[in-house]
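So the chains spell out like this:
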Amino acid sequence: MAVAEAQLYAKVSNKPRSRSTSALLEPLLAKGFPAHIALKALVATGQKTVEDAAKWLHSHCNDPSLDDPIPQEYALYLCPTGCLHSRLQDFWKESKRQCGKNRAHDVFPHVTLCDFFTCEDQKVELLYDILKRVGDRCSQSFPPSFSLTLHASPSYLGFFIDDRQANVLKEFAVAFSSEASALADCHVKPSLKQFHLTLAHKFYPHHQKTLEQLAKCINPGEPCQWVAALYSRDMRFVHYQRLRALFQYKPQNIDELMINAGDLIYVDPTQQRDVSEGWVIGTSHRTGCRGFLPENYTEKAHESDTWVKHREYVFETASKSFAKTEKELNVNLNGEAHNPSMSRSVTNVLSLQNAALRRGVLVMRHGERVDQVFGKSWLQQCLTADGKYYRADLNFPSSLPRRKDSMKQFECDPPLSCCGIFQSRLIGEALLDQEVTVSYVYSSPALRCVQTAQHVLQGLKLNQKVKIRVEPGLFEWTKWEASKAIPNFVTVAELVEASYDIDTSYRGNFPLSSLVPSESYEDYVSRSSAVIKHIITACPSKGKGVILIVGHGSSLAPLTRALTGLPSRDSTDFAQMVRKIPSLGMCFCEELKEENKWQMVNPPVKTLTHGANAAFNWRNTIMED
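Residues numbered from 1 in each chain as written. Predicted model: local features only at pLDDT ≥ 70, side-chain atom pairs only at ≥ 80, totals over all residues. Heavy atoms only, no water.

Enquirer: Mind laying out the pattern of salt bridges, listing which residues take part and the relevant values?
Expert: Within this structure, the stated rule accounts for 25 salt bridges. Salt-bridge contacts for Asp-136 lead to Lys-132; the nearest nitrogen and oxygen are separated by 3.0 Å. Placement of both Asp-136 and Lys-132 in helix 6 (residues 124-138) is noted, with a separation of four residues, approximately one turn of the helix. Judged by relative accessible area, Asp-136 falls into the partly exposed class, the value being 37%. (Salt bridge = Lys/Arg side-chain N within 4 Å of Asp/Glu carboxyl O. Helix = DSSP H or I, 4+ residues; strand = E, 2+ residues; numbered from the N terminus. Buried < 20%, exposed > 50% of the residue type's maximum accessible area, 1.4 Å probe, protein only.)

Enquirer: I'd like a description of the pairing of strand 8 (residues 264-267), backed by residues and values.
Expert: Of the two faces of strand 8, the one lined by Leu-264 and Tyr-266 and the one lined by Ile-265 and Val-267 are each fully buried. Pairing of strand 8 with strand 9 (residues 279-284), which is carried by three bridges, proceeds in the antiparallel orientation. Paired with Val-267 across the two strands is Gly-282, which belongs to strand 9. (Pairing = 2+ DSSP bridges.)

Enquirer: Which residues make up the environment of Leu-495, and what are the values?
Expert: Mapped onto the fold, Leu-495 is located in helix 15 (residues 492-497). Of the residues examined, Leu-495 reaches a relative accessible area of 2% and is grouped as buried. For the pair Leu-495 and Arg-402, spaced 93 residues apart in the sequence, the C-alpha separation amounts to 8.5 Å. Setting aside its immediate chain neighbours within four residues, Leu-495 contacts Leu-447, Val-450, Val-490, Tyr-500 and Ile-502. (Contact = heavy atoms within 4.5 Å.)

Enquirer: Any details on the environment of His-310? Residues and values, ideally.
Expert: One can find His-310 in strand 12 (residues 308-314). A relative accessible area of 4% places His-310 in the buried class. The contact partners of His-310, leaving out residues within four places of it in the chain, are Val-43, Gly-46, Lys-48, Tyr-74, Val-124, Tyr-128, Leu-230, Tyr-231 and Ser-232. A distance of 2.8 Å separates a polar atom in the side chain of His-310 from a polar atom in the side chain of Ser-232. (Polar contact = N/O pair within 3.5 Å; in protein donor to acceptor, adjacent residues only side chain to side chain.)

Enquirer: Could you give me a rundown of helix 5 (residues 83-99), with the residues and numbers involved?
Expert: With 17 residues, helix 5 should cover 24 Å at 1.5 Å per step; its first-to-last C-alpha distance of 24 Å lies within 8% of that length. Counting buried residues in helix 5 gives 14 out of 17 residues, a clear majority hidden from the surface. Following helix 5 by one or two positions, Gly-100 has its phi on the positive side, about 80 degrees. (Expected span 1.5 Å × (residues − 1).)

Enquirer: Go over the state of the cysteines with me, naming the residues and quoting the values.
Expert: A complete count under the given rule lists zero disulfides for this structure. Free cysteine: Cys-418, not disulfide-bonded; nearest cysteine sulfur from Cys-419 at 7.3 Å. Note on Cys-418: relative accessible area 23%, which makes it partly exposed. (Disulfide = S-S within 2.5 Å.)

Enquirer: Describe in detail the sheet that holds strand 3 (residues 148-153), supporting the description with residues and values.
Expert: Sheet architecture is open: three strands sit in the order 3-4-5, paired in antiparallel fashion. Since the sheet does not close on itself, it has two edges, and those belong to strand 3 and strand 5 (196-201), each with one partner. On average, each strand axis in the sheet is tilted by 15 degrees relative to the strand beside it, whichever way the strands run. Bridge analysis of strand 4 (residues 156-161) against strand 5 gives five bridges, and the strand direction is antiparallel. Within strand 5, the residue paired with Tyr-156 across the bridge is His-201. Sheet strands in contact with helix 5 are strand 3, strand 4 and strand 5, and its direction is about 20 degrees off that of strand 5. (Axes fitted to C-alpha atoms, helices over the stretch in contact; angles between N-to-C directions.)

Enquirer: I'd like to hear about the sheet that holds strand 8, residue by residue, with values.
Expert: Read from one edge to the other, the open sheet built from five strands follows the order 10-9-8-7-11, with strand pairing classed as antiparallel. At either margin of the open sheet sits one strand with a lone partner, and together these are strand 10 (290-294) and strand 11 (298-300). Taken over all neighbouring pairs, the strand axes of this sheet differ in orientation by 45 degrees on average, direction set aside. Looking at chain direction, strand 7 (residues 241-245) and strand 11 are connected through three bridges and run antiparallel. Following the sheet pairing, Ala-245 is matched in strand 11 by Thr-298.

Enquirer: Explain the packing of helix 5 against helix 8 (residues 208-215) residue by residue, including any values.
Expert: Across the interface, helix 5 lies against helix 8 with an axial gap of 10 Å and an inter-helix angle of 160 degrees. The angle between helix 5 and helix 8 places the two elements in the roughly antiparallel class. The hand of the helix 5/helix 8 crossing is right-handed. Mapping the contact onto sequence places Phe-91, Glu-94, Ser-95, Gln-98 and Cys-99 in helix 5 and Thr-210, Leu-211, Leu-214 and Ala-215 in helix 8. Of the residues assigned to the contact of helix 5 with helix 8, the class counts are five nonpolar, three polar and one charged. (Parallel < 35°, antiparallel > 145°, perpendicular 65-115°, else oblique. Left-handed = near helix turned anticlockwise from the far one by under 90°. Nonpolar A, V, L, I, M, F, W, Y, C, P; charged D, E, K, R; others polar.)

Enquirer: Explain the side chain of Arg-527 residue by residue, including any values.
Expert: In this structure, Arg-527 sits in helix 16 (residues 521-538). The class for Arg-527 is buried, based on a relative accessible area of 5%. The residues contacting Arg-527, other than those within four sequence positions of it, are Pro-472, Gly-473, Leu-474, Phe-475, Glu-476, Trp-477, Thr-478, Phe-510, Leu-515 and Glu-519.

Enquirer: Explain a nonpolar patch on the surface to me, using residue names and the numbers behind them.
Expert: Side chains of Phe-616, Trp-618 and Ile-622 sit close together on the surface and give an oily, nonpolar patch of about 390 Å² of accessible area. Relative to the helices and strands, Trp-618 resides in helix 19 (residues 618-623). (Patch = residues over 30% accessible without salt bridge, like charges linked within 9 Å, V, L, I, M, F, W, Y side chains within 5 Å. Areas by Shrake-Rupley, 256 points an atom, 1.4 Å probe, with all protein chains shown as cover.)

Enquirer: Describe the packing of helix 16 against helix 17 (residues 556-564), and please don't skip the residues or the numbers.
Expert: In the contact formed by helix 16 and helix 17, the axes pass within 8 Å of each other and the chain directions differ by 60 degrees. Viewed along their axes, helix 16 and helix 17 adopt a mutual orientation that is oblique. Once helix 16 is placed against helix 17, the crossing between them reads as right-handed. Touching Tyr-524, Ser-528, Ser-529, Ile-532 and Ile-536 of helix 16 are Pro-558, Leu-559, Ala-562 and Leu-563, all from helix 17.

Enquirer: Now, about the environment of Met-577: what can you tell me, with residues and values included?
Expert: Note that Met-577 resides in helix 18 (residues 574-579). Sequence separation between Met-577 and Gly-553 is 24 residues; the distance between their C-alpha atoms is 9.0 Å. With residues near it in sequence (within four places) discarded, Met-577 still touches Ala-557 and Arg-569.

Enquirer: Report on the pairing of strand 4, specifying residues and quantitative values.
Expert: Across the six residues of strand 4, five count as buried, placing the element largely inside the fold. Where strand 3 and strand 4 come together, six bridges link them in antiparallel fashion. Residue pairing in the sheet places Ala-152 in a bridge with Leu-157 of strand 4. From the end of strand 3 to the start of strand 4, which pair antiparallel, there are two residues.

Below, the structure is given as C-alpha cells:
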C-alpha cells in the first residue's frame, strides 16, 4: 500500500460511526449488500436513486477498493445558471481554443463558498439538510443580482464580487460550515477571502491581452439565478491526471484495463516512467479496476468530470427577469457541449482575429516505422544469405531505396512500414478533403520522415508539384540515438534516384556536419528554435498556404512552443510527453499577422487511431492440440 493511502486509512479508521441511515439504503440492504458498501454506492452516485446505486455496485463488483473506508471529499460552490452561465461557457470554449487550456478549464464557473472537506458516508444526508436549512435562513437577504468587477493580472483573470454583497455569501458559508462541523462531525472551512469567479488562471502572460478582450465581451449583468451546490470527489485521486476514453478497448492480457467509450480514467503521473511506450496504467472511475490501456485511445479530461453533484439550493430571490426557459436550459457544467448559439460579441472578436490569419504551420510526427513493429533486428528478418532484401511480412515495405553504402545503415535510419505508408497517405487525403493548401514541405533527413512527407503529398495530389526540403536541423534529439552517433542518412541524390520529390536546390539551415551526438536538451531546444525561425523567414507570408513540417515525436513541442512564444518544457518530463505522441501526431499553429504572433489551434484533420495486429502462425494456433 502506498504511504499516502496508508495515511488516509489511518485517518478514517478510528472515527466513531453514526447509526443514521438513508431511506434509499433499505432496498439495497434487502438485495443483500453490506451496509457500508451500500452507503458507499449511494454517496458515489449522489444519493439520487436506488437504481443508480445498484448500477454502480454492479460496475464495481471487481473493484479491489470496494471495502476501503476512505470517505469522499465535499465542497460547496455558488454556481451561476441561465444567460450569464451561457456567456461564461462561451468564454471557456473560446479561451481554450485561442490560448490553450489553463487551470480554470478544469472546473466549471463557480464561486467557492467552502473548500473541500471530508464527511463520513453515513453522515452525508445531514449535509443535505444543513444546506436547505441554511439556504432558507439566508435567502431573504440574498441579493437579486451581484455586482461583478473584472480583475486582471499576468496570471489571473476573473470577476470579483462587491464587498457588501459578498458579506451575505460569507454569512451563508460560515453558517453552513458551523452546522456541518457540529452536526456532521466535519472540519469545514468557509472561504473568507474576497469572493471571486475565476475566468482564467495560471496562463502564459502573453495571452493576457487576448483573454481580457474575450472577457470584456461578457456582460456580468446578464440574467442569472445563483445556485449553492454540493459536490464530492474521490480523495484518493486528487493529484491524478484524468483521461477520457475515446474508444472501447478489450484487454488482450490479464494486466490490461477494460474501457468503454466515455469512461474516465485516473492516471498517476509518477507511475508512468516504466510503462511501455504508448501505454499508461490507470484506474477506471466507472469500475474501480486498475490496469494498462493504450494512451492513444484517450484524451485529457477536466478535473471536475469525475465529481458528483449531490444537492443544490436555488436562491429564489434572483432577478424576476430570469425566464423559465432559461431555468430549464440543459447546461453541461464543463462547457464542451452547451448553448449552441455563440455570444454575438464574442463572435465579433473572433471574426476580427480570423481576418488577421495568414499562414499555418502543421508539424507532424512521421508514420509507423518498421522497427516499431518488428524490433531493432528487423533487417535481419528480411535479408537473404547473400544480403538481398526480401519482404518477410506484408507490413515490410515492398522495397528499400538503393544506397551506395551498406544495407546495414538502414538499422539506424529505418523506413516506414507499409502501414506507415498507408497512414501518411490517409492523412494527405484527409487534408485534401478539408481543402488545406500546402505550399511548402520541410522534412527531417531521416528516411521515415522523408517517406511520410512524400506520401502525405501523394494523398494531397501534390506530388511533383510541391518539393520536399530536407532540413537536417529537424532531426530528433540526438541524445536518443541508440548508436550514440548521427546516422548515415540516405543522401538527397539517392532519394531523387528513388523517385522522391526532393528540392535539390535547397540548402539546409543546419548542415549534417553540425549535428552533434548526445547533445544537451538545451542545445536541442535552441536548434529547434533556430530552425523554425529560419523556415518561417524563408517562406513568403503572402497568401494562406500551410507549411508542412515532418519530424519526430520530439519535434512537436520545441518547434511549436518556440513559434508561439511559449517557454520550453522542463527536460524532466519531456521524455514522458514525447511517449504520448503517436505516429502522425500533429500540432497546428496559425499566424495572427496584425498582432505579429502565432497561436496553436486544433489541427485541420482528426487524429488517426487504430489497434495492434499481432503476427499470426496458423500452424501453431489452429493445428496445435
